[in-house]
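# What the coordinates show
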Amino acid sequence: MNGKELREARLRRGWTQQQAAKRLGVTQAYLSMLEQGRRALSYRLARKAVETLDAPATALPLRAETLLRSVGSDRLRAELAALGYPAFAHLRSRKRRNPAEVLDSALNESDLDTRVTEGLPWLVFAMRIWIGTGW
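These remarks concern the structure in this document. Since we're looking at a predicted model, the values are computed, not measured. (Residues numbered from 1 in each chain as written. Predicted model: local features only at pLDDT ≥ 70, side-chain atom pairs only at ≥ 80, totals over all residues. Heavy atoms only, no water.)

### A word on the packing of aromatic side chains
- Per the counting criterion, the structure on display carries two aromatic pairs.
- For the ring pair Y85 and W122, a centre distance of 5.3 Å and an interplane angle of 50° mean the geometry is tilted. Of this pair, Y85 sits in the loop between α5 (73-83) and α6 (99-107) while W122 sits in helix α7 (residues 114-133), and the two are 37 residues apart along the sequence.
- By the ring-pair criterion, three or more aromatic residues cluster together here, those being Y85, F88 and W122.
- The ring of W15 carries the charged tip of R23 above its face, separated from the ring centre by 4.1 Å. (Phe/Tyr/Trp six-rings, centres within 6.5 Å; stacked < 30°, edge-to-face > 60°. Helix = DSSP H or I, 4+ residues; strand = E, 2+ residues; numbered from the N terminus. Lys NZ or Arg CZ within 6 Å of the ring centre and 35° of its normal.)

Following this line, the structure appears as structure tokens:
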């Protein structure tokens, strides 16, 4: 998430900088600097902004340490559920990860569950929508 995406997400919610800053736990001046690109968002603040402002998970920065790492089918099911995959709607998972990281993890699994595999085309399609519309 960069400053422009942060500002757009805030405006979609109809919040002032003051309102968003309070919910994010930062000052209005600091939020202004973030939105102007004068300060970089930490991963932690970007995650909080995505959750608080209901921004798309694609706005989360990619973390190098999570790429090329095996996480297992159970965790992938939970991550697909958190991203909104209908087949796993019954799972109660809220912590979203950048969909590109989820896809990377799935592609690096040596023994991927069939139901998770069936969700990968949905994930790619959803990513294209999120990126294209700025949801």
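On we go.
### What to know about the pattern of salt bridges
- Per the counting criterion, the structure on display carries seven salt bridges.
- With a closest N to O distance of 2.6 Å, R10 and E35 form a salt bridge. Taken together, the residues R10 in helix α1 (residues 3-13) and E35 in helix α3 (residues 28-35) connect sequence positions 25 residues apart.
- For the salt bridge of E101 with R97, the shortest nitrogen-to-oxygen distance reads 3.8 Å.
- Accessibility expressed as a relative area gives 3% for R97, which makes it buried.
- When salt bridges that share partners are traced, they join R75, E79, R97 and E101 into one network. (Salt bridge = Lys/Arg side-chain N within 4 Å of Asp/Glu carboxyl O. Buried < 20%, exposed > 50% of the residue type's maximum accessible area, 1.4 Å probe, protein only.)

### Observations concerning the side chain of E109
- By the element assignment, E109 lies in the loop between α6 and α7.
- Of the side chains with opposite charge, R97 lies nearest to the buried E109, which makes no salt bridge, at 8.2 Å.
- A polar atom in the side chain of E109 sits 2.9 Å from the backbone nitrogen of G72.
- Apart from the residues lying within four places of it in its own chain, the contact partners of E109 are S70, V71, G72 and L76. (Lys, Arg positive; Asp, Glu negative; His and termini not counted. Polar contact = N/O pair within 3.5 Å; in protein donor to acceptor, adjacent residues only side chain to side chain. Contact = heavy atoms within 4.5 Å.)

### Let's talk about the environment of L41
- Tracing the backbone through its elements, the reader meets L41 in the loop between α3 and α4 (43-52).
- Judged by relative accessible area, L41 falls into the buried class, the value being 15%.
- With 55 residues separating them in the primary sequence, L41 and R96 have C-alpha atoms 17 Å apart.
- Once residues lying within four places of it in the same chain are set aside, the contact partners of L41 are M1, L6, L34 and A46.

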